[in-house]
There are 2 protein chains.
Amino acid sequence: MIILIDQDGPLADETARLFEILRERYPADLSRHSGVRTQFTLTDNFPAHLSEAIEEIRRSKGFYYSFPPVAGSVEAVNEMTRLGHRVYICTAPLSHYEHCIPEKYAWIERYLGSDFTMRIVPAKDKTVVRGNILIDDRPEVEGILEPEWEHVLFDASYNRHITHKRRLNWNSWKEVLGL
Amino acid sequence: MIILIDQDGPLADETARLFEILRERYPADLSRHSGVRTQFTLTDNFPAHLSEAIEEIRRSKGFYYSFPPVAGSVEAVNEMTRLGHRVYICTAPLSHYEHCIPEKYAWIERYLGSDFTMRIVPAKDKTVVRGNILIDDRPEVEGILEPEWEHVLFDASYNRHITHKRRLNWNSWKEVLGL
């Protein structure tokens, strides 16, 4: 199988890092926050007056490289590879690509090894990438083509309203995918 | 149609820039050179003692951004888009991605505009990218899948031995593709 895996969400914990930075910089705003990301669009999870600051954080040097790995993700990817599947990292970069794109590569190198950087396929439109399965936390993944892959949702607090797709996490992936 | 276009070769003239740098740094070696790239692998076009220097140049900051555009390429891409085709830049980055990958994006932004950076799909294995046509100067483009696209050769001095593929340049592309 060709398994495409989205980077931020399933592998790299952007949410955790963003909460960490915001708590540090905006303690008063964040003290009133549940701490749960309920919306896929990052800025929609915080007071509107923080939106510009959040966008600035996302564009800043070092942000994308600083995400902690999601628990179990690195082991799952290595296990998929050992099982003989072709794993590609299919990630949509920010339009402000300057730091985002090389740091996505550096992150993969750090946690999955330098050979894995040759398995990164950045694409704003993931429907142009081929695969059997796309593991992605985004509720709906759309583009110009009818996708070749099945979108399997990476389970998250902000996509629970989607009920018509298979859903997995790094404890359940083998059972869900029948591997 | 979805038209995938390789970046270095069809759009960005890596060969011209490399010759320019080598002539400057190694005038004695280059004075004996025909000035023609006859081999696809860059280092194979120069004396063996320059190989390491060439690899170092390719990894260096500023190299990928400095390529001049191939004559007619920018106009051709804009015309394809105007005709209603979906153009994606499908480019295989260096394993030493640090400067290469962001500079490939910056190059596209500079010559094709910032919206076009969302149409870059970097992939070491281009068979995982979908399209009707791949315009690429590499003699053979292979990967783990049977490609969905037809490889149309971008005509170059180092791929003339390939005779079983359609071949185009930026003067002939409309006729060759029947557009």
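Refer to the preceding data block for the structure.
Residues numbered from 1 in each chain as written. Chains lettered and ligands numbered in written order. Predicted model: local features only at pLDDT ≥ 70, side-chain atom pairs only at ≥ 80, totals over all residues. Heavy atoms only, no water.

**Student:** Just to check I follow, could you spell out the nonpolar core for this structure?
**Tutor:** Note on soluble globular proteins: their nonpolar side chains tend to be buried together. Judged by nonpolar contacts, the single largest core of 86 residues is most densely connected at Ile5, Ile135 and Trp170 of chain A together with Ile5, Ile135 and Trp170 of chain B. With residues up to four places along the chain from it excluded, the contact list for Ile5 of chain B reads Pro10, Leu11, Val77, Met80, Val87, Tyr88, Ile89, Cys90, Ile135 and Trp170 of chain B. If you look at the next biggest cluster of nonpolar residues, it comprises 22 residues, including Tyr88 and Val128 of chain A together with Val121 and Val141 of chain B. (Core = buried A, V, L, I, M, F, W, Y, C linked by side-chain atoms within 4.5 Å. Buried < 20%, exposed > 50% of the residue type's maximum accessible area, 1.4 Å probe, protein only. Contact = heavy atoms within 4.5 Å.)

**Student:** So what exactly am I meant to see when it comes to the interface of chain B and chain A here?
**Tutor:** Accessible area lost upon the coming together of the parts serves often as the stated size of an interface. Each partner contributes residues to the interface: chain B has 29 residues there, and chain A has 29 residues. Inspection of the region where chain B meets chain A yields 0 salt bridges. The interface formed by chain B and chain A includes 8 residue pairs in polar contact (both at pLDDT 80 or more). Contributing elements (two or more residues each) for the side of chain B that touches chain A: strand E2 (86-91), helix H5 (97-112) and strand E3 (120-122) of chain B. Considering each element in turn, the side of chain B that touches chain A owes the most residues, 7 residues, to H5 of chain B. Within the side of chain B that touches chain A, the residues separate by chemical class into 18 nonpolar, 3 polar and 8 charged. (Salt bridge = Lys/Arg side-chain N within 4 Å of Asp/Glu carboxyl O. Polar contact = N/O pair within 3.5 Å; in protein donor to acceptor, adjacent residues only side chain to side chain. Helix = DSSP H or I, 4+ residues; strand = E, 2+ residues; numbered from the N terminus. Nonpolar A, V, L, I, M, F, W, Y, C, P; charged D, E, K, R; others polar.)

**Student:** Is there a simple way to explain a nonpolar patch on the surface in this structure?
**Tutor:** A grouping of Met1, Leu83 and Leu179 of chain A is seen on the molecular surface, where their side chains present a nonpolar patch of about 230 Å² in accessible area. Assignment of secondary structure puts Leu179 of chain A in the segment after helix H6 (173-177). (Patch = residues over 30% accessible without salt bridge, like charges linked within 9 Å, V, L, I, M, F, W, Y side chains within 5 Å. Areas by Shrake-Rupley, 256 points an atom, 1.4 Å probe, with all protein chains shown as cover.)

**Student:** Hey, could you run me through the relation of the copies chain B and chain A in this one?
**Tutor:** Superposing the two chain copies requires a rotation about an axis and a translation along that axis. Each copy of the sequence occupies a distinct position, and chain B is placed on chain A by a rotation of 180° and an axial shift of 0.0 Å, giving an RMSD of 0.0 Å. A rotation of that kind, with that shift, is consistent with a two-fold axis. For chain B, the smallest separation between a C-alpha atom and the rotation axis is recorded for Val129 of chain B, amounting to 2.4 Å. A share of 100% of the interface residues of chain B reappears at the interface of chain A, consistent with the copies meeting face to face through the same patch. (Least-squares fit on C-alpha atoms with pLDDT ≥ 70 in both.)

**Student:** What is the right way to read the sheet that holds strand E4 (residues 133-136) of chain B from this model?
**Tutor:** Paired through backbone hydrogen bonds, the strands of a sheet run either parallel or antiparallel to each other. All names here are of chain B. Within the open sheet, the 6 strands sit side by side as E3-E2-E1-E4-E5-E6. Their pairing is parallel. Bordering the open sheet on either side are E3 and strand E6 (167-168), each of which pairs with just one other strand. Here strand E5 (residues 150-154) pairs with E6 via 2 bridges, running parallel. Looking across to E6, one finds that Phe154 is bridged to Leu168. Packed onto the sheet, H5 meets E2 and E3 and runs at close to 160° relative to E3. (Pairing = 2+ DSSP bridges. Axes fitted to C-alpha atoms, helices over the stretch in contact; angles between N-to-C directions.)

**Student:** Help me understand helix H3 (residues 51-59) of chain A, please; the structure alone is not making it clear to me.
**Tutor:** Because the α-helix completes a turn every 3.6 residues, residues three or four places apart line up on one side. Residues and elements named next belong to chain A. Those residues of H3 lying buried are Ala53, Ile54, Ile57 and Arg58. Projected onto a plane normal to the axis of H3, the buried residues spread over an arc of 140° and lie on a single side. Contact partners of the buried residues in H3: helix H1 (14-25). (Arc of directions from axis to C-beta.)

**Student:** Can you help me understand the sheet that holds strand E4 (residues 133-136) of chain A in this one?
**Tutor:** Spatially, 6 strands are ordered E3-E2-E1-E4-E5-E6 (chain A) in an open sheet, and the strand pairing comes out parallel. Only two strands of the sheet have a single neighbouring strand rather than two, namely strand E3 (120-122) and strand E6 (167-168) of chain A.

**Student:** What's the story with the environment of Lys124 of chain A in this structure? I'm lost.
**Tutor:** Structurally, the position occupied by Lys124 of chain A is in the loop between E3 and E4. Sequence separation between Lys124 of chain A and Ala92 of chain A is 32 residues; the distance between their C-alpha atoms is 4.5 Å. Not counting residues within four places of it along the chain, the set of residues in contact with Lys124 of chain A comprises Ala92, Pro93, Leu94 and Ser95 of chain A together with Met118 of chain B. From its side chain, Lys124 of chain A meets the backbone oxygen of Pro93 of chain A in a polar contact 2.9 Å long.

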